[in-house]
Amino acid sequence: MAPTRRPSDGLLARVNFPLYAVDMLTSRHILVAGGGGSSKTGVANGFEIYELYHNGSHFCAEEVLRHETGANVVMNFAVRNSGRRAYLCAGQEAHCQMYFVQPQLDITSDASMDKKLTQSDHPHENGVRHRGVQPHSGVETLSNGNNCHPPTAADVLKQFQRLQFDIQAADVIQTDFLSNGEPLQRVVRISSNGRLMATGGTDGQLRVWTFPQMQLSTSWPAHNKEIDDLDFSPDCKYIVSISKDAQGIVWDLSTGKQQHKLKWQTQEGNKYLFKRCRYGTVEGHKDNYRLFTVTNPLGKVGKQRGFVQQWDCKNGELRVAASVDESLSSLAVRDDGRFVAVGTMFSGSVSIYVAFSLQRVLHIPHAHSMFVTGLQFLPITNEEGPPISSDTEAAVLSISVDNKVCIHSLPQRKTIPAWLAVVFMVIMIFIVLVLCSYIGI
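What counts, and at which threshold
Residues numbered from 1 in each chain as written. Predicted model: local features only at pLDDT ≥ 70, side-chain atom pairs only at ≥ 80, totals over all residues. Heavy atoms only, no water. pLDDT = per-residue confidence, 0-100. Contact = heavy atoms within 4.5 Å. Helix = DSSP H or I, 4+ residues; strand = E, 2+ residues; numbered from the N terminus. Polar contact = N/O pair within 3.5 Å; in protein donor to acceptor, adjacent residues only side chain to side chain. Buried < 20%, exposed > 50% of the residue type's maximum accessible area, 1.4 Å probe, protein only. Pairing = 2+ DSSP bridges. Patch = residues over 30% accessible without salt bridge, like charges linked within 9 Å, V, L, I, M, F, W, Y side chains within 5 Å. Areas by Shrake-Rupley, 256 points an atom, 1.4 Å probe, with all protein chains shown as cover. Salt bridge = Lys/Arg side-chain N within 4 Å of Asp/Glu carboxyl O. Axes fitted to C-alpha atoms, helices over the stretch in contact; angles between N-to-C directions. Phe/Tyr/Trp six-rings, centres within 6.5 Å; stacked < 30°, edge-to-face > 60°. Lys NZ or Arg CZ within 6 Å of the ring centre and 35° of its normal.

J.: Please clarify how the confidence of the model for the protein should be interpreted in this entry.
T.: Detailed reading of the predicted model is not advised wherever pLDDT is low. In this model, the protein carries an average pLDDT of 85, and 80% of its residues clear a pLDDT of 70 or more. This model gives residues 109-138 a pLDDT under 50, and the stretch forms 50 contacts once residues within four places in sequence are excluded.

J.: When you look at the side chain of Thr-175 in this model, what are you seeing that I'm missing?
T.: Residue placement: Thr-175 occurs in the loop between strand E11 (161-174) and strand E12 (185-190). Among the polar contacts made by the side chain of Thr-175, one reaches the side chain of Gln-185 at a distance of 2.7 Å. Those residues within four positions of Thr-175 in sequence are excluded, and the remaining contacts are Ala-94, His-95, Cys-96, Gln-185, Thr-199, Arg-207 and Trp-209.

J.: What is the right way to look at the pairing of strand E22 (residues 306-311) in this model?
T.: Regular strands place their side chains on alternate faces of the sheet. Of all six residues making up E22, six are buried, and the element is well covered by its neighbours. Alternating residues of E22 divide into Gly-306, Val-308 and Gln-310 and Phe-307, Gln-309 and Trp-311, and every residue in both groups is buried. Note: strand E21 (residues 285-297) against E22, five bridges, orientation antiparallel. From the neighbouring strand, Val-294 faces E22, where its bridge partner is Val-308. Pairing of E22 with strand E23 (residues 318-324) involves six bridges; the strand directions are antiparallel. Residue Gln-309 lies in a different strand from E23, and its bridge partner there is Ala-321. Connecting E22 to the antiparallel partner E23 that follows it, the hairpin turn spans six residues, and Gly-316 within it adopts a positive phi of roughly 75°.

J.: Sorry if this is basic, but what is going on with a nonpolar patch on the surface here?
T.: There is a patch of nonpolar side chains on the surface, built from Val-423, Phe-424, Met-425, Ile-427, Met-428, Phe-430, Ile-431 and Val-434 and spanning about 790 Å² of accessible area. When you line up the elements, Met-428 lands in helix H3 (residues 418-439).

J.: Even after reading the chapter, I still don't get the pattern of salt bridges, so can you show me in this structure?
T.: Oppositely charged side chains are able to pair whenever their charged atoms sit close together. A full pass over the atoms with the stated rule returns 13 salt bridges. Arg-189 is the partner of Asp-231 in a salt bridge, and the nearest nitrogen-oxygen pair spans 2.7 Å. One end of the pair, Asp-231, is in strand E16 (residues 227-232); the other, Arg-189, is in strand E12, with 42 residues separating them in the sequence. For Asp-231, a relative accessible area of 6% puts it in the buried group. The class for Arg-189 is partly exposed, based on a relative accessible area of 24%. Put simply, Arg-207 and Asp-203 hold a salt bridge, and the shortest N to O gap is 2.9 Å. For the pair formed by Arg-207 and Asp-203, the shared burial category is buried. Linked through salt bridges whose partners overlap, the residues forming this network are Arg-186, Glu-226, Asp-228 and Lys-244.

J.: Explain the sheet that holds strand E26 (residues 350-354) here, please?
T.: Picture the strands of a sheet paired through backbone hydrogen bonds; they go either parallel or antiparallel. Ordered by their spatial adjacency, four strands build an open sheet running E24-E25-E26-E27, and the pairing between neighbours is antiparallel. Every interior strand has two partners, whereas the edge strands, strand E24 (328-333) and strand E27 (359-364), have only one. Ignoring which end each strand starts from, the neighbouring axes of this sheet average 20° apart.

J.: So what exactly am I meant to see when it comes to the packing of aromatic side chains here?
T.: For any pair of aromatic rings, geometry is given as the distance between the ring centres together with the angle between the planes. Within this structure, the stated rule accounts for 10 aromatic pairs. Measuring from ring centre to ring centre gives 5.5 Å for Trp-264 and Tyr-272, while their planes differ by 65°; the resulting arrangement is edge-to-face. Take Trp-264 and Tyr-272: they sit in the same class, and that class is buried. Grouped by ring-pair contacts, the aromatic residues Phe-47, Phe-77 and Tyr-99 constitute a single cluster. Over the ring of Phe-100 we find Arg-85; its NZ or CZ atom is 3.8 Å from the centre of that ring.

J.: Explain the pairing of E27 to me, please; I cannot follow it from the model alone.
T.: Pairing of E26 with E27 involves five bridges; the strand directions are antiparallel. Bridge pairing in E27 places Ile-352 opposite Leu-362. The turn joining E26 and E27, which pair antiparallel and follow one another in sequence, is formed by four residues; a positive phi near 55° is taken by Leu-358.

Below you can see the structure in the form of structure tokens.
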């Protein structure tokens, strides 16, 4: 049975609008987005950036920036960090809006620093380092576990040289052209080499754009219904698309032709729809990769069982599938390809699987009160800075329309060192030889 939530995990922050997308902006900065839509409900639309750190016992998050997008809700986005600045491409209805995210080093005056250092000698009530509502945003930032240690002088000095960010709107392009309904961009992805961007939406057209110029390179009618998800292969040679037409197709980017279709049949014989797709490298082999998908049953046929699936990228055949007791809503693969995470549609649960075998190693029931809209693993390697040090083997962020940002971590699993295993085998062989000699075999 997979372990459940660690006592130190759970809620990182609560935002005052529903959340639909999450990604890592840097190796230690979280970017989330969402909103209430264009209706005048008083619910904001926009982005939130948090700085994430581990204080030795659990993860904490502090708000860095809030950027509102007016009447435009952000349903999906993709991030490309170029070092000096990041490109943020956000889906806003039928358009893709690019933003420049400029990092800035915030260094406070000596007088303010002296004041803060003096305050650090007087811990906050109950030993909570930071728990409050930012006056400009109405966003509650929490230290999960409610027991962050009082700030030390070193902590305060670090805070006074922290990264701030400036978000500026740049180019905007229309990416969906549905004529007999409401056009809507459903997904945007940027290739790992940073040269291509792909979009899909309600018109079923797969469009590939040059990046960061956002000029249309090619477009083809990939599906006859709306596209739900896309992903570039790690070598940037292929792209996979899944749609409400029940098809999952891998395309050759050089020719625009179909490489293969994803086909499978369940024992129940029910019809299933692909919901999410992600490529992941094979651990220790950067030139080799796998494809992962999650699928849900079409219609209410008996008990709702979703599946997590692993596919052979050479022939498109199914390798491994693991069933889940309900429909699935989100999928993430860690950057080294070792772990896969899924979120559920009805119970708001989150699970982590070993990628190669799809063995579940962590299950968090009811992580959210509603369906999980996004997942993102904390990186273990990153060009934008060192990863966060912690006592965990893996950690995944989850968001939902319940306005919550949560974290779930897998404890370091106990393993026997290689040298100890060798010693044990030698001892066992010696015992067997002695026993055989004693009984005369």
